[in-house]
Amino acid sequence: AQSVTQPDIHITVSEGASLELRCNYSYGATPYLFWYVQSPGQGLQLLLKYFSGDTLVQGIKGFEAEFKRSQSSFNLRKPSVHWSDAAEYFCAVGIGAAGNKLTFGGGTRVLVKP
Amino acid sequence: DVKVTQSSRYLVKRTGEKVFLECVQDMDHENMFWYRQDPGLGLRLIYFSYDVKMKEKGDIPEGYSVSREKKERFSLILESASTNQTSMYLCASSKGRNSNQPQHFGDGTRLSIL
């Protein structure tokens, strides 16, 4: 069965600094990959997705992610963090099975220092 | 924009009660999902449905059931609530049968079982 690992439970970053969140997956083929963000008290919002093609994908809110097949990774990055980026971030993997199921990582909570 | 609406943001129930959580989506999506979210565990899939009156077990279906009588509505039922079902519950929907379609989430229901 596929699995998703987000090694960092918490990350603290200063406002204006760069941010990178790690995501590793375990699956035999190239899966569909997603990053979601969850602000406090809210549901999940899609940041970006990767299906095929260019391995660097751009998303909303200035985020980007890079798919590296050799490392089974899909890390999320932002060059300059804003206080409003404080949230929990989830990486998710989809496989080509009926029902459009996703497997989620455990999440990384990002704290932004002023 | 897709709108996924969960009927309650907060709910408090007693052990042994039968609890209904309701979810409605307005985009004619085929697939609907129920997750529970617990700290450090990410999102875990309880049940999903890819068509009216169809349901499939997810990773943690024990103690839960679901109902999908209409395409836009997907209900989660706790047959006899227990304290270990205290959690945040998230509903999601998506289009089509291919898992490259992102899931769209409601704002969640925080359920407390006393």
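Quick summary incoming for the structure in this document. Not measured: the values here are computed from a predicted model.

Let us now look at the pairing of strand E2 (residues 10-14) of chain A. All names here are of chain A. Side chains of E2 alternate between two faces, with Ile11 and Val13 buried and His10, Thr12 and Ser14 left unburied. With five bridges connecting them, E2 and strand E12 (residues 108-113) associate as parallel partners. The residue bridging Thr12 from the neighbouring strand is Leu111, located in E12.

Attention shifts here to the interface of chain A and chain B. Residue-level contacts link 25 residues of chain A with 25 residues of chain B. Across the chain A/chain B interface, buried area totals approximately 1900 Å², and carbon plus sulfur atoms make up 52% of it. Counting across the chain A and chain B interface gives zero salt bridges. Here chain A is connected to chain B by three residue pairs in polar contact (both at pLDDT 80 or more).

Bringing the pairing of strand E11 (residues 109-113) of chain B into the picture now. Residues and elements named next belong to chain B. Burial along E11 is one-sided: the face carrying Thr109, Leu111 and Ile113 is buried and the face carrying Arg110 and Ser112 is not. One ladder, built from four bridges, connects strand E2 (residues 10-13) with E11; its direction is parallel. Bridging across to E11, Val12 finds its partner in Ser112. Pairing analysis gives three bridges linking strand E9 (residues 87-94) to E11, with the strands arranged antiparallel. Bridged to Ser87 within E11 is Leu111.

Residue and element names in this part refer to chain A. In this model, Lys61 sits at a positive phi of 60 degrees, which is unusual for a non-glycine residue. As for its placement among the helices and strands, Lys61 is situated in the loop between strand E7 (56-58) and strand E8 (64-68). Positive phi outside glycine occurs at Ser72, with the angle close to 50 degrees. Inspection of the secondary structure puts Ser72 in the loop between E8 and strand E9 (73-78). You can call Ser72 partly exposed: its relative accessible area is 24%.

Scoring rules and cut-offs
Throughout, residues of each chain are indexed from 1 in the direction in which the sequence is written. Chain letters start at A and ligand numbers start at 1, both assigned in the order the entries are written. Restriction of local features to residues with pLDDT of at least 70 applies here, the model being predicted, together with a cutoff of 80 or more for giving and counting side-chain atom pairs; totals for whole chains, interfaces and linings are based on all residues. For the side-chain quantities, the full set of heavy atoms in the structure was used; hydrogens and water were omitted. Working definition: with a 1.4 Å probe on protein chains only, accessible area under 20% of the residue-type maximum means buried, over 50% means exposed, and in between means partly exposed. Secondary structure elements are taken from DSSP: a helix is a run of H or I of four residues or more, a strand is a run of E of two residues or more, and numbering for both begins at the N terminus. By definition, two strands form a pair when at least two bridges between them are found by DSSP. In this description, contact between two residues means that some pair of their heavy atoms is separated by no more than 4.5 Å. Summed over both partners, buried area is the accessible surface (1.4 Å probe) that two parts give up on being assembled. We define a salt bridge as a contact between a side-chain nitrogen of Lys or Arg and a carboxyl oxygen of Asp or Glu at a distance within 4 Å. Definition of a polar contact: a pair of N or O atoms within 3.5 Å, with one able to donate and the other able to accept a hydrogen when the atoms are protein atoms, and with sequence-neighbouring residues admitted only if both atoms are side-chain atoms.

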